[in-house]
Amino acid sequence: MKFDVTGLKSFIPTQEIEQLLESTRNAEATEIRDIIAKSLAKNRLSPLETAKLLNVQDPELKQMILDGAHELKEKIYGNRIVLFAPLYVGNECINDCVYCGFRKSNPQCLRSTLSHDQLVAETTALVDSGHKRLIMVYGEHPQYSPEYIADTVRTVYATKHGKGEIRRVNINAAPLDVEGFKVVKAAGIGTYQIFQETYHEESYAKLHPSGPKSSFLWRLHGLDRAMEAGIDDLGIGALMGLYNWKFEVMGLLYHTIRLEERFGIGPHTISFPRIEPAIGTDFTTHPPFMVSDDDFKLLVAVIRLAVPYTGMILTAREPIEIRNEVLNYGVSQIDAGSSIGVGDYSGKDDGSKSKSQFVLGDTRSLDDVIFELAQGGYIPSFCTSCYRAGRTGEHFMEFAIPGFVKRFCTPNALLTFAEYLFDYSSDRTLKSGMDLIEREVNAIEDEASKATVKEYLEKMKAGKRDLFF
Ligand code: SAM
Ligand code: SF4
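Residues take numbers from 1 onward in each chain, read along the sequence in its written order. Naming scheme: in the order in which they are written, chains are lettered from A and ligands are numbered from 1. Confidence filtering applies because this is a predicted model: local features only for residues at pLDDT of at least 70, side-chain atom pairs given and counted only at 80 or more, and all residues used for totals across whole chains, interfaces and linings. The side-chain numbers reported here are obtained from all heavy atoms of the structure, hydrogens and water having been left aside.

Turning our attention to the environment of Pro-59. Along the chain, Pro-59 turns up in helix H4 (residues 59–77). Spatially, the C-alpha atom of Pro-59 lies 51 Å from that of Thr-159, the residues being 100 residues apart in sequence. Going along the chain from the N terminus, every DSSP run of H or I of four or more residues is numbered as a helix, and every run of E of two or more is numbered as a strand.

Next up, the structure:
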């Protein structure tokens, strides 16, 4: 692969962002109200408007932003939460990101890459717990070539067990060149995620001292290359704690605008992980720009309002209480029952060194997460139907097409939830989940849809699977 950055320029206007954050400290309540109203009318916010939201200090105005994000979520997306699991394929890495347990110079990292059989065993374990959607994660290493990544994706799709299978594989791996992205696309991936980590170029240089990832521009333009290769389902993200979080939210927004302007389509998902402690990684115990819980809630709400059409991912890095709270402010996808050590789902760690990248905040099982979601009135969803029916840009359609959520998303969420309950759940989750399904089916307004959902549920009770709208 050629890491050629000739002619590339940054599209992150550092000074402009700093000026915007400096000059928007005293927005009036009426301005904040108008900005929220613009977002609720399904418009992406401008950098100026977003900076005003980010700078709000007054508790009442902050509450107004949290309430606005909540309203947007309820109004547009309803009460579904999509579930997935990470699958770590290999932690060999030639980079030295100072915050990561997999970095090259970490002697406490036990290096490991799944063999073909181990990958099948990991996938089987995930299928057997009820998962349908994965994100496959790779360190950056010549061993993990585009062909290798594509092969591992194919292996996962080909692994069937019992009544289950993985129906959507997303990727979190290093940025590739255009040819490499084409190879991975051909394996049928869903989203390709690349986090910029920090959009602050000077900080980026200090935090990524060596390896291909030390090039800010190569990474920043990574998703442009993915688009050029025909992958239009992309995830952006920033690792919160490396620099001022308000700057990072602005960076995510400018990246969004870049993709919209150049390709006519924004990011499919935005991620905003906070740094977690990693073994052998002192940096993570005192990140220079730690984000408090209160700021984190505002950060989630502002992203929701700033880019109302995008999916928002919250991972099990966060503790349960935070996860439960920020679900209200617009998160659409969470992982559950996650293990982030290479081989952890099917094997045992020897405990002496670490194969994990960092430490998780939420270690509940998938079944426990599902139980609690159902108790809280959320519909856990494993839906993959848009992607498989060729309706690409699923999240955007939910947002843009009136009635889409009612016609497709809610019925499909209920059907995939029922599959989980029939095949994998504990007794308490089955009971709570079936009650929820009954209430939700009865609430479907369109009589024809309601009848079809009921018909499909009966067929599923008789053993049919993978029925969707
Ligand atoms: N190696 C690829 C890369 O760096 O893009 C992809 C996999 S990397 C393991 C996935 C993400 O983990 C990184 O983009 C980074 O944001 C996140 N990460 C690294 N160290 C972390 C930590 N200590 N706490 C939370 N997230 C971390
Ligand atoms: Fe390697 Fe990715 Fe970790 Fe950096 S974040 S050390 S590239 S695995």
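Here the focus is the packing of helix H11 (residues 245–263) against helix H12 (residues 293–306). A pair of packed helices can be characterised by two numbers: the angle between their axes and the separation between those axes. Closest axis-to-axis distance for the H11/H12 pair is 11 Å, and the angle between their directions is 20 degrees. Looking at the two axes, H11 sits roughly parallel to H12. In terms of crossing hand, the pair formed by H11 and H12 is right-handed. For the pair H11 and H12, the contacting residues are Trp-245, Val-249, Leu-252 and Leu-253 in the first and Asp-295, Leu-298, Leu-299, Val-302, Ile-303 and Ala-306 in the second. Every angle, taken between N-to-C directions, lies between 0 and 180 degrees, and every axis is a line fitted to C-alpha atoms, over only the stretch in contact when it is a helix. Any angle that is under 35 degrees is reported as roughly parallel, and any over 145 degrees as roughly antiparallel; angles of 65 to 115 degrees are reported as roughly perpendicular and all others as oblique. Each crossing is labelled by how the near helix is turned from the far one, with a counterclockwise turn of less than a right angle marking it left-handed and a clockwise turn marking it right-handed. We call two residues in contact whenever any of their non-hydrogen atoms come within 4.5 Å of each other.

Another aspect to go through is the packing of aromatic side chains. In this analysis, rings of Phe, Tyr and Trp, with Trp reduced to its six-membered ring, are considered paired at centre separations within 6.5 Å, and the interplanar angle assigns stacked below 30 degrees, edge-to-face beyond 60, and tilted for intermediate values. For the coordinates displayed, the defined rule picks out 14 aromatic pairs. With a centroid separation of 5.3 Å and an interplanar angle of 75 degrees, the aromatic rings of Phe-3 and Trp-218 are classed as edge-to-face. Residue Phe-3 is located in the segment before helix H1 (14–23), and its partner Trp-218 is located in helix H9 (residues 216–220); the two are separated by 215 residues in the primary sequence. Aromatic pair Phe-382 and Tyr-420: ring centres 5.8 Å apart, planes at 20 degrees, arrangement stacked. In this pair, Phe-382 sits in the loop between strand E11 (379–381) and helix H15 (385–388) while Tyr-420 sits in helix H17 (residues 404–423), placing the two residues 38 residues apart along the sequence. For the pair Phe-382 and Tyr-420, a shared accessibility class is recorded, and that class is buried. Through a chain of ring-to-ring contacts, three or more aromatic side chains come together here, namely Tyr-138, Tyr-144 and Tyr-148. The rule is short: NZ of Lys or CZ of Arg within 6 Å of the ring centre and within 35 degrees of the ring normal puts a charge over the ring. Just above the ring of Tyr-387 sits the side chain of Arg-168; from NZ or CZ to the centre is 4.8 Å. Between the NZ or CZ atom of Arg-274 and the centre of the ring of Phe-296, over which it lies, the distance is 4.3 Å. Only protein chains enter the area calculation, which uses a 1.4 Å probe; residues under 20% of their type maximum are buried, those over 50% are exposed, and those in between are partly exposed.

Near residues are defined by distance, with any heavy atom within 4 Å of the molecule or strand qualifying the residue. In the vicinity of ligand 2, the residues found are Cys-93, Asn-95, Cys-97, Cys-100, Phe-102, Arg-103, Gly-139 and Lys-213. Within the shell around ligand 2, the residues separate by chemical class into four nonpolar, two polar and two charged. When residues are sorted by character, Ala, Val, Leu, Ile, Met, Phe, Trp, Tyr, Cys and Pro go into the nonpolar class, Asp, Glu, Lys and Arg into the charged class, and all the rest, Gly among them, into the polar class.

On to the domain arrangement of the protein, then. Where each domain starts and ends comes from a domain assignment, either automatic or drawn from a database. The assigned domain composition of the protein is domain 1 (74–388) and domain 2 (403–461). The C-alpha-based centres of domain 1 and domain 2 are spaced at 28 Å. Across the boundary between the two partners, domain 1 contributes 28 residues, which contact 20 residues of domain 2. Considering only the surface of domain 1 that becomes buried against domain 2, Asp-367, Phe-371 and Ile-379 emerge as the three largest contributors, covering 27% of it. Basic side-chain nitrogens of Lys or Arg form a salt bridge, by our definition, when they fall within 4 Å of a carboxyl oxygen of Asp or Glu. Joining domain 1 to domain 2, the criterion identifies two salt bridges. One salt bridge in this structure joins Asp-368 and Arg-428, with 3.0 Å as the shortest N-O distance. By residue number, the principal contributor to the side of domain 1 that touches domain 2 is helix H14 (residues 366–375), which donates seven residues. Summed over both partners, the accessible surface that disappears when two parts come together, traced with a 1.4 Å probe, is what is meant by buried area.

Here we take up helix H18 (residues 427–442). Helix length check: H18, at 16 residues, gives a terminal C-alpha distance of 23 Å against a target of 22 Å (1.5 Å per residue), a fit within 8%. All buried positions along H18 are accounted for by Thr-429, Ser-432, Gly-433, Leu-436, Ile-437, Glu-440 and Val-441. All buried residues of H18 fall inside an arc of 165 degrees around its axis, so they share one side. What points out from H18, more than 90 degrees from its buried face, is the exposed set Asp-427, Lys-431 and Glu-438. The inward-facing, buried residues of H18 abut H14, E11, H17 and helix H19 (447–461). For a helix, the expected span equals 1.5 Å multiplied by the residue count minus one. Summarising the geometry, the arc corresponds to the directions from the helix axis toward the C-beta atoms.

Here we come to the nonpolar core. One finds Ile-65, Met-136, Val-153, Ile-171, Tyr-192, Phe-272 and Leu-299 to be the most contacted residues of the largest nonpolar core, which totals 146 residues. Each of domain 1 (74–388) and domain 2 (403–461) accounts for three or more of the residues forming this core. The residues touching Met-136, leaving out its near neighbours within four places in the chain, are Leu-87, Val-89, Leu-119, Thr-152, Val-153, Val-156, Val-169, Asn-170, Ile-171 and Asn-172. For this analysis, a nonpolar core means a set of buried residues of the types Ala, Val, Leu, Ile, Met, Phe, Trp, Tyr and Cys, connected via side-chain atoms within 4.5 Å.

This paragraph deals with the site of ligand 1. Close contacts around ligand 1 come from 21 residues, with Glu-197, Lys-213, Arg-219, Glu-276 and Gln-357 the closest. Tyr-99 is positioned such that a nitrogen or oxygen atom in its backbone is 2.9 Å from a nitrogen atom of ligand 1. Here a polar contact means two N or O atoms within 3.5 Å. Within protein one must be a hydrogen donor candidate and the other an acceptor candidate, and residues neighboring in sequence count only if both atoms are side-chain atoms. Taking Glu-276, its main chain carries an N or O atom lying 2.9 Å from a nitrogen atom of ligand 1. In short, Shrake-Rupley with a 1.4 Å probe defines the accessible areas, and a residue's cover is counted only from the protein chains shown. Relative to its unbound accessible surface of 560 Å², ligand 1 loses 96% to contact with the protein. Elements with a minimum of two residues in the shell around ligand 1: strand E2 (133–138) and strand E6 (192–197). For the shell around ligand 1, the residue count by class is 10 nonpolar, four polar and seven charged.

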